[in-house]
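A closer look at the structure
This is what each chain is made of:
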Amino acid sequence: MPAIQSPGTEEIHPDVELVARAKDGDVAAFEQLVRQYERQIFRVAQHITQNREDAEDITQDVFLKAYEKLEQFQGNSKFSTWLVRIAVNESLMRLRKRKTSKTVSMDEDVQTEDGAIPRDFAEWRPNPEQLYNQSELGDILRRTIQGLPPGFRTVFTLRDIENLSTEETAEALGLSVPAVKSRLLRARLQLRERLSRYFGQKKEGQTT
Amino acid sequence: MNCTDLLGQLTDYFDDKLSADLREEIRVHTAGCQHCRVVLNTTRQTIEVYKGTEIYEVSSELRERLHSAIMARCLDSKK
């Protein structure tokens, strides 16, 4: 059986045994996998859809699909990456059905040209976490990420919130590594510029 | 290195995947370019503040409800 390995190591990922047992019909093994990844899958779905009810439905659908298609999982990637891929597909499909969000083609090439250089370059210091309480900061971060096109939001969520590697993100989204890097750059710069408006103003307000 | 070149290297810079030569080029450029220095610093802060803040909490109540629903649907699919 092919091993699921972390890149660059020979260590066998602990999920390999759980997946093998689950494939043999061990429900407890599958339940353990659900416990391990349900929060992550829920967060990914909520970040992409920006809707709690959708995220709940999608999380259930993802694990049901995984359960039904477990035999198709060959272990060429991490089990978690496979789940994330299903979650991203389900979430984007849900967004398309809703048709309420601005959409960006997942194949659209993002250029790093002069036009991409942010215009607003206010410095923010000290750290935003010291300027806002946790709930205010959470509101700002939610609002700014909501404004990103879904294609950029998805890449940012997987790379910078869920800490997937660039390669894992590319695999989960069916994109090339350069396409992921390009989208990640654009997402980070857009968020940076949006946050500058909040944190720059707050800083000015405090110093005047 | 100009400002556009620097942006093109930003992702690898944050991932610490650049050669020593390229890192030095970035250091030299940002030493003389306030715009890029601010963009680099605040982009790094953007990533850090998102990484350090749980923006969508999953309460234990929600998690239990979700977990029960997932397992019920999976077991039901076998019947």
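Because the structure is predicted, anything quoted here is derived from the model rather than measured.

Right, let's get into the overall build of chain B. The helix and strand tally for chain B stands at four helices and zero strands. Listed by position from the N terminus, the elements making up chain B come as α-α-α-α. Reported as C-alpha extents along the three principal axes, the dimensions of chain B are approximately 65 × 25 × 20 Å. Counting every position in chain B, which comprises 79 residues, the buried fraction comes to 42%. Entry remark: accessible area of chain B is about 4,200 Å², with carbon and sulfur atoms responsible for 46%. If you average the places of the 11 positive and of the 13 negative side-chain charges in chain B, the two averages end up 7 Å apart.

Further remarks concern the overall build of chain A. Scanning chain A from terminus to terminus reveals nine helices and zero strands. Listing each helix as α and each strand as β along chain A from the N terminus yields α-α-α-α-α-α-α-α-α. A total of 208 residues make up chain A; the buried ones form 52% of that total. Partitioning the intrachain contacts of chain A with sequence separation of at least 6 by distance along the chain shows that 70% fall at a separation of at least 24. With an accessible surface of roughly 10,000 Å², chain A has 45% of that area assigned to carbon and sulfur atoms.

Another point: the environment of Arg-43 of chain A. The topology assignment puts Arg-43 of chain A in helix α2 (residues 27-49). Note: C-alpha distance between Arg-43 of chain A and Pro-128 of chain A (85 residues apart in sequence) is 23 Å.

Turning to the packing of helix α3 (residues 52-68) of chain A against helix α4 (residues 79-98) of chain A, a few remarks are in order. Residue and element names in this part refer to chain A. Running from N to C, α3 and α4 point in directions that differ by 135°, and their axes come no closer than 9 Å. With respect to α4, the axis of α3 lies oblique. Crossing hand, α3 versus α4: right-handed. Between α3 and α4, the residues in contact are Asp-54, Asp-57, Ile-58, Asp-61, Val-62, Phe-63, Lys-65 and Ala-66 and Trp-82, Leu-83, Ile-86, Ala-87, Glu-90, Ser-91, Arg-94 and Arg-98, respectively. Here the contact of α3 with α4 is composed, by residue class, of eight nonpolar, one polar and seven charged.

This part is about the interface of chain A and chain B. In this complex, chain A contributes 60 residues to the contact, which on the side of chain B involves 43 residues. At the junction of chain A and chain B, the tally comes to eight salt bridges. One salt bridge in this structure joins Glu-56 of chain A and Arg-65 of chain B, with 2.8 Å as the shortest N-O distance. Counting the contacts that link chain A with chain B gives 19 residue pairs in polar contact (both at pLDDT 80 or more). Mapped by element, the contributors of at least two residues to the side of chain A that touches chain B are α2, α3, α5 (128-131), α6 (134-146), α7 (150-161), α8 (166-173) and α9 (177-207) of chain A. Partitioning the side of chain A that touches chain B into residue classes produces 24 nonpolar, 14 polar and 22 charged.

On the UniProt side, "domain: RNA polymerase sigma-70 region" (unreviewed entry) is annotated at positions that read residues 33-99 of chain A here. With 81% helix and 0% strand, residues 33-99 of chain A has end C-alpha atoms that lie 33 Å from one another.

Moving on: α2 of chain A. Within α2 of chain A, the axis deviates most sharply at Tyr-37 of chain A, by approximately 50°. Two or three places before Ala-28 of chain A, at the opening of α2 of chain A, Asp-26 of chain A has a side-chain oxygen 3.0 Å from that residue's backbone nitrogen.

What counts, and where the lines are drawn
- Residues numbered from 1 in each chain as written.
- Chains lettered and ligands numbered in written order.
- Predicted model: local features only at pLDDT ≥ 70, side-chain atom pairs only at ≥ 80, totals over all residues.
- Heavy atoms only, no water.
- Helix = DSSP H or I, 4+ residues; strand = E, 2+ residues; numbered from the N terminus.
- Buried < 20%, exposed > 50% of the residue type's maximum accessible area, 1.4 Å probe, protein only.
- Areas by Shrake-Rupley, 256 points an atom, 1.4 Å probe, with all protein chains shown as cover.
- Lys, Arg positive; Asp, Glu negative; His and termini not counted.
- Charge placed at Lys NZ, Arg CZ, Asp CG, Glu CD.
- Contact = heavy atoms within 4.5 Å.
- Axes fitted to C-alpha atoms, helices over the stretch in contact; angles between N-to-C directions.
- Parallel < 35°, antiparallel > 145°, perpendicular 65-115°, else oblique.
- Left-handed = near helix turned anticlockwise from the far one by under 90°.
- Nonpolar A, V, L, I, M, F, W, Y, C, P; charged D, E, K, R; others polar.
- Salt bridge = Lys/Arg side-chain N within 4 Å of Asp/Glu carboxyl O.
- Polar contact = N/O pair within 3.5 Å; in protein donor to acceptor, adjacent residues only side chain to side chain.
- UniProt positions renumbered as here; feature names shortened; annotations may be inferred.
- Bend = angle between axes of the 7 residues up to and from the residue.

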